Amino acid sequence: MGGTFDPIHHGHLVAASEVAVRFDLDEVVFVPTGQPWQKADDKVSPAEDRYLMTVIATASNPRFTVSRVDIDRGGPTYTIDTLRDLRELYGSAADLFFITGADALDKILSWKEVDEMFALAHFVGVTRPGFDLSDDHLPDHEISLIQVPAMAISSTDCRERVAAGQPVWYLVPDGVVQYIAKRHLYL
Ligand code: ATP
Ligand code: MG
């Protein structure tokens, strides 16, 4: 599951957990982006902070891991590169799945080397409040569309809440609340 994770929140975690159960996955690898190209104009927190928040949020789940491939590669992150790196790390016998929310799935056709991407991994689109989940615009590619419990949470909303002095308790894991405060993020 790729994401900016700025910060990681319970919407990400529920989506990952649901897909893991549904597809009987051995592992869910969270991959924080290096420089997200769709967000080049926005202010994104340092990669190390986003990486550490992702580690903190996933630490208690033995099936959740975090990969640094996108952060360590440097430059803008393209999912095709992420999938190639993971394929190399996990070997040709591994079945790769790419988990994405309805909003990101919507833009998938504009992603780099989209056909190769679909060859490398099975794409799983999950429901997200405020967005329609459909693959009508994705010709000839097999994508699984999965209903997950509706979590009307976004990282944007979490950042705005912190900036406004409002709590993010229970929207993000407790350790992430503490990390945001300790590092003075989003102020
Ligand atoms: P931002 O508001 O900064 O864009 P975000 O909440 O959308 O943050 P991202 O890191 O952009 O989080 O998302 C990573 C992936 O998680 C994307 O595929 C996105 O669609 C999915 N996702 C994010 N929030 C939810 C949610 N509440 N429910 C389901 N999927 C989600
Ligand atoms: Mg987003």
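Note: the structure precedes this text.
Quick caveat: nothing in here was measured; it's all calculated off a predicted structure.

Draft legend 1. Region of interest: the site of ligand 1. Around ligand 1, the structure places 22 residues, and the nearest of them are Gly-101, Asp-103, Met-151, Ser-155 and Thr-156. At 3.1 Å, a backbone N or O of Phe-5 approaches an oxygen atom of ligand 1. Note that a nitrogen atom of ligand 1 is positioned 2.8 Å from one of the backbone N or O atoms of Met-151. Calculation on ligand 1 without its partners gives an accessible area of 590 Å², and the protein chains cover 91% of this total.

Draft legend 2. Examining the sheet that holds strand β1 (residues 2-3) more closely. Taken in spatial order, the 3 strands of this open sheet run β1-β2-β4, and their pairing is parallel. Every other strand in the sheet has two partners, leaving β1 and β4 (64-66) as the edge strands with one partner each. Direction of pairing for strand β2 (residues 28-32) relative to β4: parallel, over a ladder of 3 bridges. Bridge pairing in β4 links Phe-30 to Val-66.

Draft legend 3. The packing of aromatic side chains, seen in detail. Using the criterion set out here, one finds 6 aromatic pairs in the structure. Measuring from ring centre to ring centre gives 5.2 Å for Phe-98 and Phe-123, while their planes differ by 40°; the resulting arrangement is tilted. You can see Phe-98 sitting in strand β6 (residues 97-101) and its partner Phe-123 sitting in strand β7 (residues 122-126), a full 25 residues away along the chain. A relative accessible area of 8% places Phe-98 in the buried class. According to the relative accessible area criterion, Phe-123 is buried, its value standing at 0%. Between Trp-169 and Tyr-170, the ring centres sit 6.3 Å apart and the planes meet at 40°, which makes this aromatic pair tilted. Assessed through its relative accessible area of 67%, Tyr-170 is described here as exposed. The ring of Tyr-51 carries Arg-68 above its face, with NZ or CZ at 4.6 Å from the centroid. For Lys-112, the ring lying beneath its charged end belongs to Tyr-78, and the centroid distance is 4.5 Å.

Conventions we followed
Residues numbered from 1 in each chain as written. Chains lettered and ligands numbered in written order. Predicted model: local features only at pLDDT ≥ 70, side-chain atom pairs only at ≥ 80, totals over all residues. Heavy atoms only, no water. Near = heavy atom within 4 Å. Polar contact = N/O pair within 3.5 Å; in protein donor to acceptor, adjacent residues only side chain to side chain. Areas by Shrake-Rupley, 256 points an atom, 1.4 Å probe, with all protein chains shown as cover. Pairing = 2+ DSSP bridges. Helix = DSSP H or I, 4+ residues; strand = E, 2+ residues; numbered from the N terminus. Phe/Tyr/Trp six-rings, centres within 6.5 Å; stacked < 30°, edge-to-face > 60°. Buried < 20%, exposed > 50% of the residue type's maximum accessible area, 1.4 Å probe, protein only. Lys NZ or Arg CZ within 6 Å of the ring centre and 35° of its normal.

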